[in-house]
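What the coordinates show
The primary structure of each chain is shown beneath.
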Amino acid sequence: MNLVPSKTPLVVKKMFPNYVWDIETTDKVIYLTFDDGPTPEITSWTLHQLKKHNAKATFFCIGNNIKKYPEIFQSIIEEGHAIGNHTHNHVKGWTTKTKDYIENVLEAQNIIEAKTKTNLFRPPYGQISPKQGKKLIALDYKIIMWDVLSFDWDNTISNDECYTNVISKAKNGSIIVFHDSVKASERMQHTLPKILEYFSARGYSFQSL
């Protein structure tokens, strides 16, 4: 069983107030985010599902994946979604020297900025040291965390559990994490259409950050 909660506890949000965990609003808005792409077929499938519901999302992309699949990356931009930096090689902040970590982020940023501008950043695995976070904020990055984890990457949970993780925890202004990756694809592809239908039927819109 995964010990990380699907809903980020309030105490954690208060411990790291300089990071964005959700968007405070009374409007019926959900912020879908997708990590680890672009990925052949899976990202394109995701874009198609979002388009069917007129939904916008934010894609936190790995620099090396953008380099390998520039056409898919371009399609995310052309569909009107927001882009975020997810490092160049999906590095773990807690086991990476700060200097090396920042350099890895900037390597990805150079690739991203050949196509579009962004100051959004999400640390892989949610791992980032206080020093790394402080340096990135000083470089004008907004560090985007999450309010709700779908656990789509976790092969110990079922498709239905992935779906329940989201609908039972999301609220107005929630930032929800999915992954457009091979590892997460089965659970994500089961859950995303149902999430889009569920919240759309209840009058929610889906916006990018």
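For the structure, check the block above.
Keep in mind the model is a prediction, meaning the values are calculated, not measured.

Thoughts on unusual backbone geometry
For the bond from G37 to P38, the omega torsion is 0°, close enough to zero to count as cis. Residue placement: P38 occurs in the loop between β1 (29-35) and α2 (42-52). Non-glycine residue D140 carries a positive phi angle of around 75°. Residue position: D140 is located in the loop between α6 (130-138) and β5 (142-143). A relative accessible area of 55% places D140 in the exposed class.

A look at the environment of N104
Inspection of the secondary structure assignment puts N104 in helix α5 (residues 98-112). Taking the relative accessible area as the measure of exposure, N104 reaches 9% and is therefore buried. Counting along the chain gives 71 residues from N104 to I175, while the straight-line C-alpha distance between them is 25 Å. Apart from residues no more than four positions distant in its own chain, N104 is found in contact with T87, H88, N89 and V91.

Examining the packing of aromatic side chains
Tallied over the entire structure, the rule returns ten aromatic pairs. Here W21 and W146 contribute two aromatic rings whose centre-to-centre distance is 6.4 Å and whose plane-to-plane angle is 75°, an arrangement assigned as edge-to-face. In this pair, W21 is assigned in the loop between α1 (10-15) and β1 and W146 in the loop between β5 and β6 (148-149), connecting sequence segments 125 residues apart. Between F151 and W153, the ring centres sit 4.9 Å apart and the planes meet at 35°, which makes this aromatic pair tilted. Taken together, the ring pairs in this structure connect Y163, Y198, F199 and Y204 into an aromatic cluster. One residue, K92, lies across the ring of Y125, its end atom 5.0 Å from the ring centre. The ring of Y198 carries the charged tip of R202 above its face, separated from the ring centre by 3.7 Å.

Overview of the layout of surface pockets
Quantified by volume, the largest pocket comes out at close to 740 Å³. As for the largest pocket, its lining consists of 30 residues, and the residues nearest its centre are Y125, G126, Q127, W146 and L149. Its residues placed into classes, the lining of the largest pocket shows 18 nonpolar, eight polar and four charged.

Focus on helix α8 (residues 185-201)
Taking 1.5 Å of rise per residue, 17 residues should cover 24 Å, and α8 covers 24 Å from first to last C-alpha, within 8% of that figure. In α8, a bend of some 25° at T191 exceeds every other bend along the element, and P193, a proline, comes one to four places later. All buried positions along α8 are accounted for by S185, R187, M188, T191, L192, P193, I195, L196 and F199. Against the buried residues of α8 lie β1, α2, α7 (159-167), β7 (175-179) and β8 (205-206).

Some points on the pattern of salt bridges
Per the stated rule, a full pass over the model turns up seven salt bridges. Its salt-bridge partner being E103, residue K99 comes within 2.8 Å of it at the nearest N-O pair. Placement of both K99 and E103 in helix α5 is noted, with a separation of four residues, approximately one turn of the helix. With a relative accessible area of 58%, K99 lands in the exposed category. Residues K117 and E113 are paired through a salt bridge, measuring 3.8 Å at the closest nitrogen-oxygen approach. The exposure class of E113 is partly exposed, given its relative accessible area of 34%. A single salt-bridge network, built from bridges that share partners, covers K7, K13, D22, D147 and K171.

Notes on a nonpolar patch on the surface
Side chains of V11, M15 and F16 sit close together on the surface and give an oily, nonpolar patch of about 290 Å² of accessible area. Of note, M15 is situated in helix α1. Here M15 falls in the exposed class, since its relative accessible area comes to 55%.

Comments concerning the nonpolar core
L32, F34, F59 and F178 are the most contacted members of the largest nonpolar core, which totals 28 residues. For this core, the element with the highest residue contribution is α8, accounting for five residues. Grouped together as the second largest cluster of nonpolar side chains are 18 residues, W21, F121, I128 and L149 included.

About the thresholds
Residue numbers restart at each chain and count upward from 1, following the sequence in its written direction. Predicted model: local features are reported for residues with pLDDT of at least 70 only, side-chain atom pairs are reported and counted for 80 or more only, and whole-chain, interface and lining totals are derived from all residues. Side-chain figures throughout are based on the complete set of non-hydrogen atoms in the structure, without hydrogens or water. Here a helix means four or more residues in a row that DSSP labels H or I, a strand means two or more in a row labelled E, and each is numbered from the N terminus. Type-normalised accessible area, obtained with a 1.4 Å probe on protein chains alone, sets the label of each residue: buried when under 20%, exposed when over 50%, and partly exposed for intermediate values. Between two residues, a contact is recorded if the distance between any of their heavy atoms is within 4.5 Å. Centres within 6.5 Å make a pair out of two Phe, Tyr or Trp rings, where for Trp the six-membered ring is used; the pair is then stacked when the planes are under 30 degrees apart, edge-to-face when over 60, and tilted otherwise. The rule is short: NZ of Lys or CZ of Arg within 6 Å of the ring centre and within 35 degrees of the ring normal puts a charge over the ring. Definitions used for this entry: grid spacing 1 Å over protein atoms alone; cavity, a set of points where a 1.4 Å probe fits but cannot get out; pocket, an open set with protein on both sides within 12 Å along at least 5 of 7 lines; lining residue, one with an atom within 4 Å of a point. Grid points are joined across faces, edges and corners, and a volume is the space filled by probe spheres set on the points. For this classification, Asp, Glu, Lys and Arg are treated as charged, while Ala, Val, Leu, Ile, Met, Phe, Trp, Tyr, Cys and Pro are nonpolar and the rest, including Gly, are polar. The span expected for a helix works out to 1.5 Å for each residue beyond the first. Here the bend at a residue means the angle between the axes of two seven-residue stretches, the one that ends at it and the one that starts at it. Should a side-chain nitrogen of Lys or Arg be within 4 Å of a carboxyl oxygen of Asp or Glu, the pair is scored as a salt bridge. What goes into a patch is any residue over 30% in relative accessible area without a salt bridge, connected to like charges within 9 Å or, for nonpolar side chains (Val, Leu, Ile, Met, Phe, Trp, Tyr), within 5 Å. The protein chains shown are the only cover counted for residues, whose accessible areas, like all others here, come from Shrake-Rupley with a 1.4 Å probe. Each nonpolar core is a collection of buried residues, namely Ala, Val, Leu, Ile, Met, Phe, Trp, Tyr and Cys, held together in the definition by side-chain atoms within 4.5 Å.

Geometric values such as these leave the question of function open.
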